[in-house]
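A closer look at the structure
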Amino acid sequence: MSADLIALSARDAAEQIRHGRISADELFAAYRERAAADAAKGEDGLNAYTWVADVTPSAPAASDAAPLAGVPLAVKDLFCTEGVPSQSGSKILAGYRPPYNATVVDKLASAGTTLLGKTNQDEFAMGSSNENSAFGAVRNPWDASRVPGGSSGGSAAAVAAGLAPWALGTDTGGSIRQPAALCGIVGLKPTYGSVSRYGMIAFASSLDQAGPFARDVTDTALLYRHMVGRDGRDSTSLQHPDEIALPKGVDLKGIRLGVPEELIGEGVESGVREAFNQTLALAEQLGATVETTHLPHAPHALSAYYLIAPAEASSNLARFDGVRYGLRADADDLLSMYTRTRAEGFGPEVKRRIMLGTYALSSGYYDAYYGRAQKVRTKIAEDFRSAFDSFDFIVTPSAPTVAFKLGEKTADPLEMYLQDFCTIPMSLAGIPAISIPNGLSDGLPVGFQIAGPAFSENRLLDAAYVLEQALGFDGSKVRA
Amino acid sequence: MSDGSGYEPVIGLEIHVQLKTNTKMFCGCELSFGDPPNVHTCPVCLGLPGALPVVNARAIHYALMVGMALGCELAPRSIFHRKNYFYPDLPKGYQISQYDIPICSGGRLGDVRIHRAHLEEDAAKLVHVGASGRIHGADASVVDYNRGGTPLVEIVTEPDVRSAAQAREWLTLLRETLRQLGVSDVNMEEGSLRCDANVSIRPVGSDVLGTKTELKNMNSFRYLERGVEAEIARQIALVQSGEEVVQETLHYDPVSGSISSLRSKEEAHDYRYFPEPDLVPVVLTETMIEGARAELPELPAARAERYESALGLSADSARLLAFRPELGAYFEAALAVDGESPQVLANWISGELVARIGDEDPAASKVTPAAIAQLVALVRGRAVTQGAAKTVLDRLVADGGEPQAIVDAEGLGAIGGGDELTEVVKRALESDPAAVEKLKGGNMKAIGPIVGFVMRETKGRADGGEVTRLVREQLGL
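In this report, the structure presented in the accompanying data block is examined. Note that the structure is a prediction, hence the values are computed from the model and not measured.

**Quick look at the overall build of chain B**
The helix and strand inventory of chain B stands at 15 helices and 17 strands. Principal-axis analysis of the C-alpha atoms places the extent of chain B at approximately 95 × 55 × 45 Å. In chain B, which comprises 477 residues, the proportion classed as buried is 41%.

**Points about the overall build of chain A**
Looking only at helices and strands, chain A has 15 helices and eleven strands in total. A compact globule built from 480 residues would reach a C-alpha radius of gyration of about 23 Å, and chain A, at 21 Å, matches this within 12%. Along the first, second and third principal axes, the C-alpha atoms of chain A reach 70 × 55 × 45 Å. Across the 480 residues in chain A, those meeting the buried criterion constitute 61%. Put simply, of all contacts in chain A between residues at least 6 apart along the chain, 75% involve residues at least 24 apart.

**What to know about the sheet that holds strand S5 (residues 186–189) of chain A**
Residues and elements named next belong to chain A. A sheet is described by the order of its strands in space; here eleven strands give the open sequence S1-S3-S2-S4-S6-S5-S10-S11-S9-S7-S8, paired in mixed fashion. Every other strand in the sheet has two partners, leaving strand S1 (49–52) and strand S8 (289–293) as the edge strands with one partner each. In this sheet, adjacent strand axes meet at a mean angle of 30° when their direction is disregarded. Sheet topology places S5 next to strand S10 (residues 433–441); three bridges connect them, and they run antiparallel.

**Here we look at the interface of chain A and chain B**
Contacts between chain A and chain B engage 34 residues on the former and 24 residues on the latter. The set of elements that each furnish at least two residues to the side of chain A that touches chain B consists of helix H9 (301–316) and helix H11 (348–361) of chain A. Looking at the side of chain A that touches chain B, the element that brings in the most residues is H9(A), giving three residues. Class assignment of the residues belonging to the side of chain A that touches chain B gives a composition of 16 nonpolar, eleven polar and seven charged.

**Overview of the pairing of S8(A)**
Residues and elements named next belong to chain A. With five bridges connecting them, strand S7 (residues 256–260) and S8 associate as parallel partners. Among the inter-strand pairings, Leu257 is bridged to a residue of S8, identified as Val290. A crossover links S7 with its parallel partner S8, the connecting element being helix H8 (residues 270–285), and its sense is right-handed.

**Re the environment of B:Arg222**
All names here are of chain B. Note on placement: Arg222 falls in helix H3 (residues 221–240). The exposure class of Arg222 is exposed, given the 12 C-beta atoms found within 10 Å. Separated by 84 residues in the primary sequence, Arg222 and Ala138 place their C-alpha atoms 29 Å from one another.

**Description of helix H11 (residues 403–410) of chain B**
Residues and elements named next belong to chain B. Buried within H11 we find Pro403, Ile406 and Val407. Buried residues of H11, viewed axially, fall in a sector of 100°; they line one side. Facing away from the buried side of H11 by more than 90 degrees, the exposed set consists of Ala405, Asp408 and Ala409. Elements that come into contact with the buried residues of H11 comprise helix H9 (369–380) and helix H10 (386–399). Note on H11: the residue one or two positions beyond its end, Gly411, has a positive phi of about 60°.

**Regarding the sheet that holds strand S5 (residues 94–98) of chain B**
Residues and elements named next belong to chain B. Strand order in the open sheet formed by three strands is S5-S4-S16, with antiparallel pairing between adjacent strands. The open sheet has two edge strands, S5 and strand S16 (274–275), and neither has a second partner. The sheet contact formed by strand S4 (residues 80–84) and S16 spans two bridges and is antiparallel. Directly across from His81, in S16, lies its bridge partner Pro275.

Rules of the game
- Sequence order as written defines the numbering, with residues in each chain counted from 1.
- Starting at A for chains and at 1 for ligands, labels are handed out in the order in which the entities are written.
- Local features in this predicted model are restricted to residues whose pLDDT is 70 or higher, and side-chain atom pairs enter the listing and the counts only when it is 80 or higher, whereas totals over whole chains, interfaces and linings include all residues.
- Strands here are runs of E lasting at least two residues and helices are runs of H or I lasting at least four, both read from the DSSP assignment and numbered beginning at the N terminus.
- Counting other C-beta atoms within 10 Å of each residue's C-beta, where C-beta atoms are placed from the backbone, gives the exposure class: buried for 20 or more, exposed for 12 or fewer, partly exposed between.
- With C-alpha atoms as the basis for the radius of gyration, the globule rule is written as 2.2 Å multiplied by the number of residues raised to the power 0.38.
- Contacts are defined on C-beta atoms placed from the backbone: any two residues whose C-beta positions lie within 7 Å are in contact.
- Pairing between strands is defined by DSSP: at least two bridges between the two strands are required.
- To define axes, lines are fitted to C-alpha atoms, for helices over the stretch in contact only, and angles between the resulting N-to-C directions are given on a 0 to 180 degree scale.
- Polarity classes work like this: nonpolar for Ala, Val, Leu, Ile, Met, Phe, Trp, Tyr, Cys and Pro, charged for Asp, Glu, Lys and Arg, and polar for all others, with Gly in that last group.
- Here is how to tell: hold the view so the strands point away, follow the path from the first strand over the helix to the second, and if it runs clockwise the crossover is right-handed.
- Directions from the helix axis toward the C-beta atoms define the arc.

Okay, structure coming up:
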């Protein structure tokens, strides 16, 4: 019975609860049992969760206003959840329980979801392997010796392993799409501004965007539908012009796919390239046209990103000073308290980026670094705009490799940064992009990324759905 | 300023004005003064993880009013920046302020040009426990975040001020302007108006700017004047002894009058300004601009100018009335009753009436604008002497009423040039032959006792000029 419950898609589970065929409590208990069992194993398990609910939260009765009633939800650690640890993967926030909920957490609670747990992540969302968490690395459910990707590695691993029906993640340069790809699930990085950032512990404000993880495109659309909306508490949020629909496409007739030469170069490993090419062939069979195109400034995206994101982070993380909350180191004077607190509280990757960002913003270097990076960002957005004059979507591999071994890239930050080579340009342009699993390479999942113009999520989800149906990827064995 | 030193001070002011909005600059917490600590706080103004700022529309509105009052150019699209530094009174580790595109730039108030005026948020309040009262050497420091996030307009002048007295006088004009705009309590003691001064000196006649120091913590008009004076003197003494002025931030201690260094140029912060990514640019609409313009009152400088040019008041009278809006309003109400002699009316209000009622709003006194206008008319028509009119005003302040009625009831009407006064003068001359001799000898000072006699006899109702005329007439002088 429990296995049957876990096998249900989130939308089917919602439907069955609404019709009284299953109870919200038994569904929650089934997931909690699995999540808690894994959490109990600590770093010997997947270590996907940093906190699992110990009582079943009360859910509203299923209704049109609460159509997701009783469906459990896993939430990335960096979303503030009232009274529940929200640590952003950092020692500096160990045990921190916020007094308020992130807007998106509130919205999903109103829609009826129940908070199952908080998921592990790279510290302050800085990382591509989930090895930068103060609460231990997360393992990939397809191969426990490998990473799940990052920074939303806990959410991706939990969904892939059937420890949650779906989950919230955030994507700053690829933190949803890359772990979705490495774990064989679907992940959407929405249009910047379509989901409120209020209550998301910030990494890089102009890039951070919350998005859904799910086993398939339809659940992804359903979760996203309940996340969007202008929020008076987030000045950068925007009303999505469309109501988010569940995907219904049957083919790709008339759809023009552009393949940017700059993003499918040498860095893409052969198995990933092979899967990518097969998917392109499949898209053509479904009626799409596929052509090579160019995003001339995309090769500079990684450099621009590693100035802009650390610059914003260096400022966003200044509030972790030991004065009001979180870790405070003992010291005799203010300056020592600051430096010791931050020295003890932050991990090495976070410190590296704070230093990078501080340098990029410093007087005399601003124009050469931050200012210049913003200009590159504008150029990249223009590249996409002109590409969308000729193409409906831009497609690339989601990540240049499949899941790599734990520890394999930790010694070389630049090698690690290249994991986001295909996803960062879309983040800088603020446009939506989805990753769907499009096959296996050496038994490990590969991801296919589809990017569209701002607010094109409905069309994007339709196209992803058509491909998903044709691809027939089966991730059920890791949920067994 | 020619004080003989051969140096001229060059002074620019930076003024922080707390806006009187209902809520803070970037969150919905109420503004307060004097409430228990940390009751007006929320995730945003405490800088909790994940919280985001939202700009207070009312603060923008007030900033536009300030900009208009100072004749500034209003930026069609201004942006907020983050000013990064660590301090416990700054919960986010950065202050949201404006940097290269402030909402207001350029402008002028009185004889001082305005460089810019921008919006920002106030810091929280640090309280140091222990003997020193300052962070260094304190046993402990605690933070009250009630004030944190209060909207501020920072006004920066050009270096147009040339003396400590001018700095004080100009700040008075600015305070009155802001008070009449209704955008701030402008109370220096409570910190809703704060002033720093950038001071340098240069040889008289030079147009090169010297090295400047920034003088902080002058929390009253008196301290501003004293602090700037002390700093000018310190700089002149330094230069005259062959030393150089060092660029630094200075703390003025009003109690001891001493100036101490807070930090040198080398210790100056690199604030790492960059555009605040959590906010969108402030884009002005016609509605916002018209809304601010509609609420602009007539401001002190403009009102004083009108009193001078249209009513012919002296510059001093015009300022006295214009810088206190309630006095100006009262003056204009009286003027509507009797507009014949504006300067005399102004003198009676800003002189005699204010001497009797002090800082009280004259509209709240028992003296109606019509009453004072009538009183001035009676004096002008010589129906009442100056002296008797002051007695009438005493009655009006005490009990109210009509001047004419008081004059009639108390017999205060002036004795004109008729037989009655001629008779009194005659008696006065007869009573003091010695004085008459002196007067005849050309010593007009001897008229004093004669006039005194007449005034005693008439209980002050005689006009001094008329008495003199009659004395000359009767003595054939």
